[in-house]
Structure formats: C-alpha cells, structure tokens
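Structure assessment
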Amino acid sequence: MNRTVYLIPYWILNFTIGFGWFSLAPLVPSLIGQFGVQLSSITILISLYGYTMVIFALVSGYLSAKFSVTISLISAALISSIGLFLRAFSPNYDFLFVAQFIAAIAYPLALGPVGSLAQSISRERSHMIVGVSVGILFLGMSAGAFLTPSLLVSLGTVNHVFLLEAAFSLIALIMLPFVTKKYPRDYAGRSLRGVFKAGMFKNWYVGLIISSFSVMLGGIAAEALGAFPTLKSNAIQYSGVLTGLSFLGSALGAIILPPIFESLKRVRAGMVFTSVLAVISMALLGYGLAYSGNYGILIASFFMFGFFGNAYWSMAMTSTTRYSPDAAQAGFATSMYSVATNLGVAFIPTFLGPYFLGNHGPGVAIVIGAVAVGFVLSFFLKVASNSKSETREANTSQA
C-alpha cells in the first residue's frame, strides 16, 4: 500500500492551521469593534504564528529526532484544537491573545519536522511530500482569507466563526492517532551532532527572501494602492484579493511543481525555472505597486510570485534534507530552515516595507535584486545526498 495515504490526516491538520490563521485577516474590522482595540493589536495576533515558528520550530525538530515525529504532530493537533476553542470563547482581548498564542504553537510543531516525514515515508518522493504539506497549509490560509467574510455573514458573529474553525481542527485530532502508528520509526540515528552544514545558508537565504517579500508586499499593498486615484476608494478590498491570490498561488505552486520536477528527475532544472519566474513576477509586482497601479498586472504578478516563488521555497526546504544522512536529522534540518525563514518575516517587512513605500526606485531595485540572487543560488543548492540513487538524480538534473 502507498504509505503517502497515511499523510492525509497530517495534511488536514495543516489546512486547519492555515485556515484558522488567516481567517483573522477579513475579520480585522469586526475584531477591532468587538474587543475595542487598535489595528496594531489585531495584526499582532496574525504575526504570532511567525513568532512561534522562530521560538518552537527547533523544539519540534528535536522531538521528532530524539523521540518520534508522532509526538510533535499529535501535540500540534491537540494544541491547535485547545487554542482555537479557547479563542471562540474569548471575553476580552487579553484572553484572545493568549488563546491565539496557544493555537499558533501548533504551526511549528506541525510543519517543523516535515523533513522527517518526507525522508521516512518516501525519500524518493520527498519533494512531493514537502510540497504538498506546505502547499496545503497555504491553501488553508487562502481559504481562510476568501471564505471567512461569507462565513461571518452566514453565522452572524465572530465567535461563531471561531467555533466552526475549532470544530474543523478536531477532525485532524481524531484521525491522526490512527495513522501516525503507521509512520516508520526505524530512523538510522537520533544524534543531532553535525546536522548543521554551512551550505544550508544558501537555502536559508532563498526561504527568507521568498517568504519575507510575500508578507511584506501583501502587508503594504493597501497603502501602496491608495496612492493611485483610480484604486484609492477600494484599496483595502483590492489588497485583500491580492493577498488571497498570493496564498492561492503559493498553495498551487508548492503542490503542483515540485512533484512534477521530481518525477521527471529534473529537480535542478525546476529550481532554476521557478526562481527565474519568481524574478520576473517580482519585477512586475514591484513595478505595479510603485508606478503602474494596473490592477490586472498586480493580480497576475501576486499570483505568479506565490505560484513560482513558493514552489522554489518548497524545493529549497527539501534540499536541506539532502545534508542529513537519516530521517531524524532531516526533520531538524527543515526546522532550522523554518526558523531562518520566519526570522526574515519578523524583521524584513517591518523595515523594508516603509522604505519601499517612500523610496520607490531603490525599493523596487532591492526586491528585484534580492530575488535575483536567489536565482543565482538555484544553480548551487544541494539536490542529492551521498546515496547512489540520488547522485544519479543529481547528474541527470544537471545534464
């Protein structure tokens, strides 16, 4: 039997985490009114997921390496359900903040050790497993951004929307224990000595730039669009659509492209192809936000950067597992990648976003140049480990 079917409950967990995370974005006005706080207080709730990844991702990698990936995943499902249910009954903002923080801890516990899953379930299909796992998280984020306004109209209150999302999270919590016992436990080793390799810095750069710019440009979209007279009146609504399309593109790109290049044994070519398309789409996106204001170009470029950028991000993440001789260490490698990526998300948008808005020329040059460096690195990311089968893939992909 194909062991990848055992990943379905894990993918459901990732979807519910993403959905619960970005359902907050369309609810911002309602949350401000209900809890009597400023916009900054609500946006910090969304940012909590990124901060918890920085804090807890290495913990998840350690748990999966030293004990079992099952512990990390079951903990993620349980913590997510607890946090989301508490969120649904929040009487005030302080309670909501704590509940959101608890729910956010599930994100690193679920995604951090994905490398261990990929390596232990099927090393030959690791790009597919990582791509789909990451893509379904973004699919949940996109669904949360797009569907929550309709859910709010149908259910009537924010608390009812939160309660429905909490109920969704129970599906993964109920299903996971039945399949995690099927996950392989025969890791080659459980020592974390030597997991870090200097070559990983290349991968970390790619992950940091792609994710940071995705968050930054989505975050400044409303203000950037407000500078164009034809878009000003609907700038907030348009920015929501663009952000949702970016997440949708990220989901589809990670789910579709890495498995295709992996099956064709052209992973290197896939990295080069997706990175060059990421540069082109970033050029269109930066120009559109800074100078053009053409909504059609922005729709296409936001989707394209998500589609090709996150496909490249996913392959760069899987590439870190090629430095690890066994599945236990692979999970810690992807956890380190997640930490580096979210460190960028925590700091780059805060400083570069305002600079981009006030200095269009240099701002556009910086974002295009930074993604272009990622394109150059696509020729040097590791695509094979020391095993003979993967060495053949590397030779084939570089031919």
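Okay, so let's go over this structure. Only a predicted model underlies this, so the values are computations on that prediction, with no experimental measurement involved. In this convention, every chain numbers its residues from 1, walking through the sequence in written order. Per-residue local features of the predicted model are confined to residues with pLDDT of at least 70, and side-chain atom pairs are confined, for both listing and counting, to 80 or more; whole-chain, interface and lining totals are unaffected and use all residues. Side-chain metrics rest on all non-hydrogen atoms present in the structure, leaving aside hydrogens and water.

**What about the packing of aromatic side chains?**
Ring pairs are drawn from Phe, Tyr and Trp, using the six-membered ring of Trp, whenever the two centres fall within 6.5 Å, and their geometry is named by plane angle: stacked under 30 degrees, edge-to-face over 60, tilted for the rest. Taken as a whole, this structure holds 19 aromatic pairs when the rule is applied. Both rings, one in Trp21 and one in Tyr49, keep their centres 4.7 Å apart while their planes meet at 10°; by these two values the pair is stacked. Highlighted residues: Trp21 in helix H1 (residues 8-22) and Tyr49 in helix H3 (residues 39-66), separated in sequence by 28 residues. With respect to burial, Trp21 and Tyr49 carry one shared label: buried. Ring centres of Phe307 and Phe308 lie 5.0 Å apart, and the angle between their planes is 85°; this geometry places the pair in the edge-to-face category. The exposure class of Phe307 is buried, given its relative accessible area of 15%. Only protein chains enter the accessibility calculation, which uses a 1.4 Å probe. A residue is then buried if its area is under 20% of the maximum for its type, exposed if over 50%, and partly exposed in between. When its relative accessible area of 14% is taken as the criterion, Phe308 is described as buried. Three or more aromatic residues link up through ring pairs in this structure, and these residues are Trp21, Phe22, Tyr49, Tyr107, Phe138 and Phe247. A cation sits over an aromatic face here: Arg87 above Phe162, 4.1 Å from the ring centre. Ring-over charges, as used throughout, are those where CZ of Arg or NZ of Lys falls within 6 Å of the ring centre and within 35 degrees of the ring normal. Taking the ring centre of Tyr323 as reference, the NZ or CZ of Lys382 above it sits at 5.5 Å. Segments assigned H or I by DSSP are reported as helices when at least four residues long, segments assigned E as strands when at least two residues long, and all are numbered from the N terminus.

**Topic: the pattern of salt bridges**
Salt-bridge detection follows one rule: a side-chain nitrogen of Lys or Arg within 4 Å of a carboxyl oxygen of Asp or Glu. Under the counting rule described, the total for this entry stands at 1 salt bridge. Glu165 serves as the salt-bridge partner of Arg87, at 2.5 Å between the closest nitrogen and oxygen. Residue Arg87 is located in helix H4 (residues 69-88), and its partner Glu165 is located in helix H9 (residues 158-180); the two are separated by 78 residues in the primary sequence. Grouping residues by exposure puts Arg87 and Glu165 together as buried.

Everything listed here is a matter of geometry and, on its own, says nothing about what the molecule does.
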